[in-house]
Amino acid sequence: MKRFKNFPVINVITIFVIPYILLYAIYIQINGEVSPGGGFQAGAVFASGLIALEVIYGSNLFKHYISLNALIVIAIIGVIIYASTGFIPLFFNSNYLNYYTLASDRHLAQETGIFLIETGVGFTVSSVICLIYSIFQIDL
Amino acid sequence: MNFQSPYLLDFVFSSGLLIVSLFILIITSLQLIVCQDLLKNTILLSIFSIFTSLCYLLMDSPDVAMTESALGACLSTMIFLTIIRKFKINHTIHQGNSSYCFKNIFALVLCVMFIITLTYIGLQLPLYGEAISPVNSHLSKYYLENTAIDIGIPSVVAAILASYRGFDTLGETTVILIAGLSVVLILSKKEEEIKDEEV
């Protein structure tokens, strides 16, 4: 069901722009160490793109394709990724979340650690925002 | 890595734009207090959020500006509009009786006293962005000097958030997860209630 079927301008423009919004969110996530951005911003923009798709097209994205349980599992996996990269240094006889043990070169080790935890944060933030939006779509 | 910022983004222009944005914020918040329509209030909140993110950008923090515009202007507005449409809320707020006026006057006096106190204290703070203020002298100076040596990434904000204070960010992420799960728990129904409704 197209909710905005009487507004062809909105339909045409958003079907052109929304893939670039999702791509831009992945760009912000990956370039979190160099440019402003990181996990929180990327998760917010990605979820905004998905919610725009849902609002304008009524595509039942959160009813039929991505169930509530899947969103909860993705959010928990994000926190598990973050906590696990903290556990790895414990096996190398060092502190929790000490990134220097992840690789031999110091700067490469720090960048690896930061990249891994930012992906965890991105998963959690985007799935929690989609969760809070989709809980209102279920008939209360 | 040198790059010349264009002349338009000189500090004088951005401080003028900052004052205009703050003026618009004050007008929007006054309109928010006075307005009676729920739909109008939602749109005004979205406008408030956009100008707040512009102020954050003009004060040299693009990370916060990105998050504020994505969450305040886009997401909160969408959730409010969904609630207003779904529950068919009557748009207008009803006027109360005369005790409403007394509460208004008391709140006005309290707010004016608050404004006077905070302005008096705020005039004695150091200038914005001054290098010798206590905020910028101890910990910020350490992070700015040692990020290139310890961590080696260009973005100091990401270094502080993810490496120097990584444990705090773990707590923050867990709090976001708990908030999402709490919303699901509050708004979910048990299976007996669903079966009762079907019968």
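Heads up: the structure comes first, above all this text.
Once a new chain begins, its residue numbering starts again from 1 and follows that chain's sequence as written. Whichever chain is written first becomes A and whichever ligand is written first becomes 1, with later ones labelled in order. Only residues with pLDDT of 70 or above have their local features reported here, since the model is predicted, and side-chain atom pairs are shown and tallied only from 80 upward, although totals for entire chains, interfaces and linings are computed over all residues. Excluding hydrogens and water, the side-chain values take into account all heavy atoms of the structure.

Some thoughts on the overall build of chain B
Where helices and strands are cited, they refer to DSSP runs of H or I of at least four residues and of E of at least two residues respectively, numbered from the N terminus. Along its length, chain B carries eight helices and zero strands. The linear arrangement of helices and strands in chain B, starting from the amino end, is α-α-α-α-α-α-α-α. Expressed as a percentage of the 199 residues in chain B, the buried residues total 23%. Think of it in three bands: with a 1.4 Å probe and only protein chains considered, a residue is buried below 20% of the maximum accessible area for its type, exposed above 50%, and partly exposed in between.

Observations regarding the overall build of chain A
Secondary structure assignment for chain A yields five helices and zero strands. Secondary structure elements of chain A occur, N-terminal to C-terminal, as α-α-α-α-α. Radius of gyration: C-alpha atoms only; globule rule: 2.2 Å multiplied by the number of residues to the exponent 0.38. Over its C-alpha atoms chain A spans a radius of gyration of 18 Å, topping by over 25% the 14 Å that the globule rule assigns to 140 residues. C-alpha atoms of chain A, sized along the principal axes, occupy 65 × 35 × 15 Å. Within chain A, the proportion of its 140 residues that are buried is 46%. For the area figures, the Shrake-Rupley method with a 1.4 Å probe applies, and any residue is considered shielded solely by the protein chains shown. Element-wise, carbon and sulfur atoms account for 70% of the exposed surface of chain A, whose accessible area totals about 7,200 Å². When the 5 basic and 6 acidic side-chain charges of chain A are each reduced to a single mean position, those positions are 19 Å apart. In this tally, Asp and Glu contribute negative charge and Lys and Arg positive charge; neither His nor the terminal groups of the chain are included. Throughout, a charge is located at the NZ atom of Lys, the CZ atom of Arg, the CG atom of Asp or the CD atom of Glu.

Things to note about the interface of chain B and chain A
Taken together, the contacts link 43 residues of chain B with 47 residues of chain A. In this assembly, chain B packs against chain A so that about 3,800 Å² is buried in total across both faces, 75% of it on carbon and sulfur atoms. What makes a salt bridge here is a side-chain nitrogen of Lys or Arg within 4 Å of a carboxyl oxygen of Asp or Glu, nothing more. Across the contact surface, chain B and chain A share one salt bridge. Between Asp150 of chain B and Arg106 of chain A there is a salt bridge, with the nearest N and O atoms lying 3.8 Å from each other. Contributing elements (two or more residues each) for the side of chain B that touches chain A: helix H3 (62–87), helix H5 (139–150), helix H6 (156–164) and helix H7 (166–186) of chain B. Looking at which element gives the most residues to the side of chain B that touches chain A, the answer is H3 of chain B, with 16 residues. Each residue gets one label: Ala, Val, Leu, Ile, Met, Phe, Trp, Tyr, Cys and Pro are nonpolar, Asp, Glu, Lys and Arg are charged, and the others, such as Gly, are polar. When its residues are assigned to classes, the side of chain B that touches chain A shows 27 nonpolar, 10 polar and six charged. Between two residues, a contact is recorded if the distance between any of their heavy atoms is within 4.5 Å. Buried area is a sum: the accessible area each of two parts loses on coming together, probed at 1.4 Å, counted once for each and added.

Observations concerning unusual backbone geometry
Residue Asn93 of chain A is not a glycine yet carries a positive backbone phi of 65 degrees. The residue Asn93 of chain A is located in the loop between helix H4 (68–91) and helix H5 (106–134) in this model. Within the chain, Asp60 of chain B stands out as a residue other than glycine whose phi angle is a positive 70 degrees. The topology assignment puts Asp60 of chain B in the loop between helix H2 (38–58) and H3.

Observations regarding the packing of aromatic side chains
Note on aromatic pairs: the rings of Phe, Tyr and Trp (six-membered ring only in Trp) are paired at centre separations within 6.5 Å, and the planes decide the class, stacked below 30 degrees, edge-to-face beyond 60, tilted for the rest. For the structure on display, the rule yields eight aromatic pairs over all chains. Centre to centre, the rings of Phe87 of chain A and Tyr96 of chain A are 5.6 Å apart; their planes meet at 75 degrees, and the pair counts as edge-to-face. Judged by its relative accessible area of 47%, Phe87 of chain A falls in the partly exposed class. Through successive ring pairs, a cluster of aromatic residues spans Phe87 and Tyr96 of chain A together with Phe167 of chain B. Above the ring of Tyr100 of chain A, the side-chain terminus of Arg106 of chain A is found at 4.5 Å from the ring centroid. By the criterion adopted, a ring carries a charge over it if an Arg CZ or a Lys NZ lies within 6 Å of its centre and within 35 degrees of its normal.

What to know about the side chain of Ser49 of chain B
Residue and element names in this part refer to chain B. Turning to its location among the elements, Ser49 is positioned in helix H2. Here a polar contact means two N or O atoms within 3.5 Å. Within protein one must be a hydrogen donor candidate and the other an acceptor candidate, and residues neighboring in sequence count only if both atoms are side-chain atoms. Separated by 2.9 Å, the side chains of Ser49 and Glu68 make a polar contact. With near-sequence residues (within four places) excluded, Ser49 lies in contact with Glu68, Gly72 and Ala73.

With respect to the packing of helix H2 (residues 39–57) of chain A against H5 of chain A
Residues and elements named next belong to chain A. Where H2 contacts H5, the axes come no closer than 7 Å and their chain directions differ by 35 degrees. In the crossing of H2 with H5, the sense of the turn from one axis to the other is right-handed. Residue-level contacts link Gly39, Phe40, Gly43, Ala44, Phe46, Ala47, Leu50, Ile51, Glu54 and Val55 of H2 to Glu118, Val121, Gly122, Val125, Ser126, Ile129, Cys130 and Tyr133 of H5. Grouping the amino acids of the contact of H2 with H5 by side-chain chemistry returns 12 nonpolar, four polar and two charged. Here an axis means a line fitted to C-alpha atoms, over the contact stretch when the element is a helix, while the angle between two N-to-C directions is reported on a 0 to 180 degree scale. A crossing counts as left-handed when the near helix is turned anticlockwise from the far one by less than a right angle, and as right-handed when that turn is clockwise.

Here's the deal with the nonpolar core
Buried Ala, Val, Leu, Ile, Met, Phe, Trp, Tyr and Cys residues form a nonpolar core when they are joined through side-chain atoms within 4.5 Å. Among the nonpolar cores identified, the biggest contains 37 residues, and Ile51, Phe62 and Ile129 of chain A are the most heavily contacted of them. For this core, the secondary-structure elements that each account for two or more residues are helix H1 (8–30), H2, helix H3 (61–65), H4 and H5 of chain A together with H3, H6 and H7 of chain B. Excluding anything up to four places from it in sequence, Ile129 of chain A contacts Gly43, Ala44, Ala47 and Ile51 of chain A together with Leu71 and Leu75 of chain B.

What about H2 of chain A?
Given 3.6 residues to a turn, an α-helix orients residues that are three or four positions apart in the same direction. Residues and elements named next belong to chain A. Expected helix span is taken as 1.5 Å per residue step, with the number of steps being one fewer than the number of residues. The end-to-end C-alpha separation of H2 is 27 Å, in line with the 27 Å expected for 19 residues at 1.5 Å each. Among the 19 residues in H2, 16 count as buried, and that is most of the element. One or two steps after H2, the chain reaches Gly58, where phi turns positive at roughly 60 degrees.

Bear in mind that shape data such as this cannot, by itself, settle questions of function.
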